[in-house]
Amino acid sequence: MKEMLEGFYPRLWRYCLALTRELPAAEDLCQAACLKALESAHQFQAGTHADRWVFRIAKNLWYNTLRAENVRRGGGLVPSEELALPAPGADAEANFFHAEVLKAVMDLPEAQRVTVFLVYVEGFSYKEAAEHLQIPIGTVMSRLAAARNKLSAFNATSGAARKRTL
């Protein structure tokens, strides 16, 4: 189980960041999910996808945390511009653009944000994302369409702003 966790740890960490919107909380959640997976390894069914199993553990842990700490009332989150996640090897302009895109994605409503990360960042199929989120596949498609609309509006305003500064 440890080797499997090591294989998709970066993906799990990105998913935890999408859930928590905060670096320290994402690190804590990712570690807690790995620990829970190791402790519950006997419950894992061989032949199934370990990454989906651990992603579900992370989601359940996060929702339990939200309920326990009442984070939904606004406490505990930081603005996405404070995440400071530079792209490795990229120049300052590319890092600025990546930060703008990340901010736009992180500003999406939670349901859309998590669905975007699962499908577009982690490469889950619509069906896999629907199973993971325990929602109908049509809801996945609807959330992605709504997110694309919001992100295209961001792209239009962001592109116009960049043209004015040139």
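Scroll up to find the structure this text is about.
For every chain, the first residue of its written sequence is number 1, and the numbers climb from 1 along that sequence. Restriction of local features to residues with pLDDT of at least 70 applies here, the model being predicted, together with a cutoff of 80 or more for giving and counting side-chain atom pairs; totals for whole chains, interfaces and linings are based on all residues. Here the side-chain values reflect all heavy atoms present in the structure, with hydrogen atoms and water set aside.

Draft legend 1. The environment of Arg52, seen in detail. Here a helix means four or more residues in a row that DSSP labels H or I, a strand means two or more in a row labelled E, and each is numbered from the N terminus. Take Arg52: it is sitting in helix α3 (residues 50-69). Each C-alpha atom, one on Arg52 and one on Glu131, is 9.1 Å from the other, the two residues being 79 residues apart in sequence. Two residues form a contact once any of their heavy atoms are found within 4.5 Å. The contact partners of Arg52, leaving out residues within four places of it in the chain, are Phe124, Glu128, Glu131 and His132. Whenever two N or O atoms come within 3.5 Å, that pair is a polar contact, provided that in protein one can donate a hydrogen and the other can accept it, and provided that, for residues adjacent in sequence, both atoms are side-chain atoms. In terms of polar contacts, Arg52 uses its side chain to reach the side chain of His49, at 3.3 Å.

Draft legend 2. Seen up close, the pattern of salt bridges. We define a salt bridge as a contact between a side-chain nitrogen of Lys or Arg and a carboxyl oxygen of Asp or Glu at a distance within 4 Å. Summed over all chains, the structure comprises six salt bridges. Residue Glu122 pairs with Arg11 through a salt bridge whose shortest N-O separation is 2.9 Å. Separated by 111 residues along the polypeptide, Glu122 in the loop between α5 (110-121) and α6 (126-133) and Arg11 in helix α1 (residues 2-20) bring together distant segments of the chain. The rule is simple: take the accessible area with a 1.4 Å probe, protein chains only, and divide by the maximum for that residue type; under 20% is buried, over 50% is exposed, in between is partly exposed. A residue is classified by how much of its surface remains accessible, and Glu122, at 8% relative accessible area, is buried. Between Arg52 and Glu128 there is a salt bridge, with the nearest N and O atoms lying 2.2 Å from each other. Pair noted here: Arg52 is in helix α3 and Glu128 is in helix α6, with a separation of 76 residues, a long-range link. Taken together, the shared-partner salt bridges in this structure form one network comprising Arg11, Arg14, Asp51 and Glu122.

Draft legend 3. Looking closely at the packing of α1 against helix α2 (residues 23-39). Axis lines are fitted through C-alpha atoms, for helices just across the contact stretch, and the angle between N-to-C directions can take any value from 0 to 180 degrees. Relative to each other, α1 and α2 sit at 140 degrees, their axes nearing to 8 Å. By the criterion of interaxial angle, the relationship of α1 to α2 is oblique. Note on packing geometry: the crossing formed by α1 with α2 is right-handed. Listed contacts from α2 to Lys2, Leu5, Tyr9, Leu12, Trp13, Cys16, Leu17, Leu19 and Thr20 of α1 are Leu23, Ala25, Ala26, Glu27, Leu29, Cys30, Gln31, Ala33, Cys34, Ala37 and Leu38. Residue composition of the contact of α1 with α2, by class: 16 nonpolar, two polar and two charged. By definition in this entry, angles of less than 35 degrees are roughly parallel, angles greater than 145 are roughly antiparallel, angles of 65 to 115 are roughly perpendicular, and the rest are oblique. Throughout, a crossing is termed right-handed when the near helix is turned clockwise from the far one, and left-handed when it is turned anticlockwise from it by less than a right angle. Residues are sorted three ways: Asp, Glu, Lys and Arg are charged, Ala, Val, Leu, Ile, Met, Phe, Trp, Tyr, Cys and Pro are nonpolar, and all the rest, Gly among them, are polar.

Draft legend 4. Molecular detail of the side chain of Arg113. Mapped onto the fold, Arg113 is located in helix α5. Polar contacts involving the side chain of Arg113 include one to the main-chain carbonyl oxygen of Ala18, which spans 2.6 Å. With residues near it in sequence (within four places) discarded, Arg113 still touches Ala18, Leu19, Arg21, Val105, Met106 and Leu108.

Note that all results are geometric; they support no functional claim without further evidence.
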